[in-house]
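# Structural features, examined
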Amino acid sequence: MSAPYVTGLGCISAVAKNTPDFWQALRAGKSGIRRISSFARDGLATSLAGEIRLSPALWAMARDAGITSRLLLFACSAIDEALADAGIDIKALRAAGDKVAMVVGTSLGMSLVPPDPADEHLAELGGDASNPDLAALAAVLEHRYSLLGDITIVSTACASATHAIGLALDMIRYDGYRVVIAGGADSLDRMKYLGHSALSTLTPDLPRPFALSRSGTLFGEGSGFLVLQAADQPPRGAYATCDGAGYSTDIHHVTAPDPEGVGGAAAIRAALADAGLTPDAIGHVNLHGSGTALNDSAEFAALAAVFGGRMGYLPCTSIKAAVGHAMGAAGGLEAVATVLSLLHETVPPTLNVAHEDVAFPLDLVVGVTRPAFIDYALSNSFGFGGANGTLIFGRCEGGRRAC
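With that out of the way, let us pick up helix α10 (residues 293–307). End to end, α10 covers 21 Å across 15 residues, agreeing with the expected 21 Å (1.5 Å per residue, within 8%). Among the residues of α10, those classed as buried are N295, D296, A298, E299, F300, A302, L303, V306 and F307. Turning to α10, the residues buried within the fold contact α9 (262–275), β9 (282–286) and β13 (376–382). Positive phi appears at G308, one or two residues downstream of α10, with a value of about 60°.

Take a look at the structure:
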């Protein structure tokens with residue numbers, strides 16, 4: 001069965017508020033890590049995060065749509081961009097009888113759009129209203145995008161968006177959907193930072209994925225979405241194909257990953273089998289790369305179990321040092337980055353890591369962006385407590401040459 005096309009991209013993150021700027025920021029090695037301003041920092045292990053500063057356009061969007069949740073604001077911003085990028089009119093497709101759906105991954109961050117003192121409407125909202133629960137989130141999105149009954153919410157910790165995209169892939173291949181918008185959204189909140197401060201997973205410095213000097217992760221927020229279209233309907237232009245997805249659960253510990261990487265390796269192998277590929281076909285890996293000692297070592301063990309000695313010359317990168325660990329949205333942002341690496345034949349660098357500081361025998365792209373011709377690329381999300389997901393994207397011949 002032919003792989004669906006990726007025809008639209010949308011994202012918002014700490015480094016940029018749209019996809020073209022996101023890609024340029026990653027290529028240039030920019031970081032969105034900064035001092036937290038949206039909630040109190042006392043009692044936290046760190047005051048740094050990949051926090052989004054809301055622009056006037058985002059404030060206007062929140063006001064005009066009556067949005068009071070950062071999570072929902074980020075989701076709508078990325079979804080709107082992805083739909084416009086793909087040239088998709090959901091109402092027209094549904095009127096024509098096409099099956100259209102949306103799959104949203106999230107771990108439900110609880111921060112609000114902070115009130116703007118200069119905006120009486122938003123100031124009246126107060127500071128205690130929380131993000132909607134899963135059912136309410138689905139209801140808001142169903143109404144906004146005219147998708148009543150065709151929205152699914154996935155919440156599997158840090159693998160949420162990756163699992164959402166994998167589910168969308170199967171909905172197109174096996175359930176007759178013509179178009180599925182899939183990805184994830186999440187927002188920062190004090191509760192999560194307090195919890196991870198207690199778990200000692202946060203670095204007091206900067207995240208250094210796969211480095212000898214790594215000391216933990218920093219969280220971020222944002223949203224990343226793809227538009228997937230059935231392959232038997234040639235799109236007006238495509239970025240890539242979505243070729244395979246794999247899943248597994250470690251069942252090792254309530255928070256820690258399996259140190260042997262068995263679950264991660266199983267997800268990678270499942271994605272390869274789903275795509276009908278061998279490990280030799282993969283030309284790039286977008287790592288989960290959280291920067292914690294346990295997670296990075298487990299991910300390397302998983303990769304080494306599948307790719308063996310190829311890890312020494314298989315270009316890998318982690319974007320979390322640039323945008324923070326965006327939790328339920330992480331896989332969506334990383335899927336966007338992976339697709340753009342395929343399109344532009346370029347792998348952006350992993351920040352804050354020097355060549356001599358790489359902890360494992362892998363080809364971690366550091367310092368500067370590296371040219372790399374890639375036929376297939378793999379994106380990993382290895383979540384809290386061992387929820388694993390892997391996606392594989394393929395080069396689309398004749399695809400768009402500029403984002």
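Right, let's talk about the packing of α9 against α10 for a bit. α10 packs onto α9 with a crossing angle of 45° between their chain directions and a minimal axis gap of 8 Å. One finds that α9 runs oblique with respect to α10. In this structure, α9 meets α10 at a crossing whose hand is right-handed. Contacts from G264, A265, I268, R269 and L272 in α9 reach A302, L303, A305, V306 and F307 in α10. Here the residues of the contact of α9 with α10 sort into 8 nonpolar, 1 polar and 1 charged.

End to end, helix α12 (residues 330–344) covers 21 Å across 15 residues, agreeing with the expected 21 Å (1.5 Å per residue, within 8%). With 14 of 15 residues buried, α12 lies mostly within the body of the structure. Directly after α12, the chain includes E345, whose backbone phi takes a positive value near 55°.

What counts, and where the lines are drawn
Residues numbered from 1 in each chain as written. Predicted model: local features only at pLDDT ≥ 70, side-chain atom pairs only at ≥ 80, totals over all residues. Heavy atoms only, no water. Helix = DSSP H or I, 4+ residues; strand = E, 2+ residues; numbered from the N terminus. Expected span 1.5 Å × (residues − 1). Buried < 20%, exposed > 50% of the residue type's maximum accessible area, 1.4 Å probe, protein only. Contact = heavy atoms within 4.5 Å. Axes fitted to C-alpha atoms, helices over the stretch in contact; angles between N-to-C directions. Parallel < 35°, antiparallel > 145°, perpendicular 65-115°, else oblique. Left-handed = near helix turned anticlockwise from the far one by under 90°. Nonpolar A, V, L, I, M, F, W, Y, C, P; charged D, E, K, R; others polar.

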